[in-house]
Amino acid sequence: MKTTGGTDDQKRRAGERAADLVTDGATVGLGTGSTAAFAVRAIARAVEEDGLDVRGVPTSFATRELAREEGIPLASLDEVETVDVAIDGADQVDDALNAIKGGGAAHAREKIVDAAAERFVVVADPSKTAATLDRAVPVEVLPDARTTVAARLRELGGDPTLRSAERKDGPVVTDNGNLVLDCEFGAIDDPASLAADLSATPGCVEHGLFVGMADEVYVGTDDGVEVRT
Ligand code: 5RP
């Protein structure tokens, strides 16, 4: 799913500024996506060049591979109880710092890691910001529940589409072996209420509404970083 119109420079500024938050001895949530990847690379440089002592908790298989290649010491999700700081991207962020995530189909693990963080920082470019969330909400579903969850999403006013793989025939399969329904709801005026309804749907493993979770949003611009709190 194509989700962004930001430039690499904007993403890099956001990611690198957020990486500066990582202190010696920290357990760091490593987000997924092209913006979070700039933070991962910056943390890796600090490990290599400054001897920064961290353990990274990756939010996806792709991020684990990147962090491993870049030389960040890793811990798996089931080894940690808390995370000091998590740095993660988003597909859209509203003025209240609520976010839609899951453009990379990683939102289930992302939500676990980001929720476990003392400090959760979203890194984004200006194309991701909006007064009101209105992008499609990714919903990870157990494969057998795709039809019943889709029916419930329609009852909730949504228009779900099974996410297809871009490079091969068939659906996207998440790192957890599940499917993703991208659900259009139009403008989401009450994200907390919709999030509660989605969470209560049997067969919904996790949805991409991150409500009241982010502590800060770093928006990379053409000449700096705007910090939203
Ligand atoms: C993955 C995510 C990503 O953080 C989100 O899609 C943003 O990605 P990018 O920085 O590449 O635009 O939620 O599940």
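Keep in mind the model is a prediction, meaning the values are calculated, not measured.

Caption draft 1: Seen up close, the sheet that holds strand S2 (residues 55-58). Taken together, six strands build an open sheet; the order of strands is S2-S1-S3-S6-S12-S13 and the sheet is mixed. Each end of this open sheet is capped by a strand with a single partner; those strands are S2 and strand S13 (225-228). Going across the sheet, the axis of each strand differs from the next one's by a mean of 20°, ignoring polarity. Of the strands in this sheet, strand S3 (83-88), strand S6 (117-124), strand S12 (216-220) and S13 are in contact with helix H1 (residues 8-19), which crosses S12 at around 140°. Here helix H4 (residues 107-115) sits on the sheet and contacts strand S1 (27-30), S2, S3 and S6; the angle it forms with S3, its principal contact strand, is near 140°.

Caption draft 2: Representation of helix H2 (residues 34-50) within the structure. Taking 1.5 Å of rise per residue, the 17 residues of H2 would be expected to cover 24 Å, and the 24 Å separating its terminal C-alpha atoms lies within 8% of that figure. Within the sequence span of H2, burial applies to Thr35, Ala36, Ala37, Phe38, Ala39, Val40, Ala42, Ile43 and Ala44. As for H2, its buried residues are in contact with H1, S1, helix H3 (61-70), S3 and S6. Of the residues one or two after H2, glycine 51 is the one with positive phi, at around 70°.

Caption draft 3: Broad picture of the packing of H2 against H3. At their nearest, the axes of H2 and H3 sit 9 Å apart, and the two run at 25° to each other. It follows that H2 is roughly parallel to H3 by the angle criterion. In the packing of H2 onto H3, the handedness of the crossing is right-handed. The segment H2 lies against H3, with Ala37, Val40, Arg41 and Ala44 engaging Thr63, Leu66, Ala67 and Glu70. Here the contact of H2 with H3 is built from residues that sort into five nonpolar, one polar and two charged.

Caption draft 4: How the structure looks around unusual backbone geometry. Positive phi outside glycine occurs at leucine 97, with the angle close to 70°. Mapping leucine 97 onto the fold places it in the loop between strand S4 (92-93) and strand S5 (99-100). Residue class for leucine 97 comes out partly exposed when judged on the 19 C-beta atoms lying within 10 Å of it. In this structure, alanine 105 is a non-glycine residue whose phi angle is positive, near 60°. Its location among the elements puts alanine 105 in the loop between S5 and H4.

Caption draft 5: Structural context of H1. Along its twelve residues, H1 runs 16 Å from first to last C-alpha, staying within 8% of the 16 Å computed at 1.5 Å per residue. Along H1, nine of the twelve residues are buried, which leaves the element largely enclosed by surrounding structure. When we look at burial in H1, the residues that qualify are Gln10, Lys11, Arg12, Arg13, Ala14, Gly15, Arg17, Ala18 and Ala19. Of the surrounding secondary structure, the elements contacted by the buried residues of H1 are H2, S3, S6, S12 and S13.

Caption draft 6: Structural view of the site of the ligand. In the vicinity of the ligand, 20 residues are found, and the nearest of them are Gly33, Thr35, Gly89, Gly103 and Gly104. Among the elements that make up the shell around the ligand, the one with the highest residue count is H2 (three residues). Here the residues of the shell around the ligand are counted per class, giving four nonpolar, twelve polar and four charged.

Criteria and thresholds
Residues numbered from 1 in each chain as written. Predicted model: local features only at pLDDT ≥ 70, side-chain atom pairs only at ≥ 80, totals over all residues. Pairing = 2+ DSSP bridges. Helix = DSSP H or I, 4+ residues; strand = E, 2+ residues; numbered from the N terminus. Axes fitted to C-alpha atoms, helices over the stretch in contact; angles between N-to-C directions. Contact = placed C-beta atoms within 7 Å. Expected span 1.5 Å × (residues − 1). Buried ≥ 20, exposed ≤ 12 C-beta atoms within 10 Å, placed from the backbone. Parallel < 35°, antiparallel > 145°, perpendicular 65-115°, else oblique. Left-handed = near helix turned anticlockwise from the far one by under 90°. Nonpolar A, V, L, I, M, F, W, Y, C, P; charged D, E, K, R; others polar. Near = placed C-beta within 6 Å.

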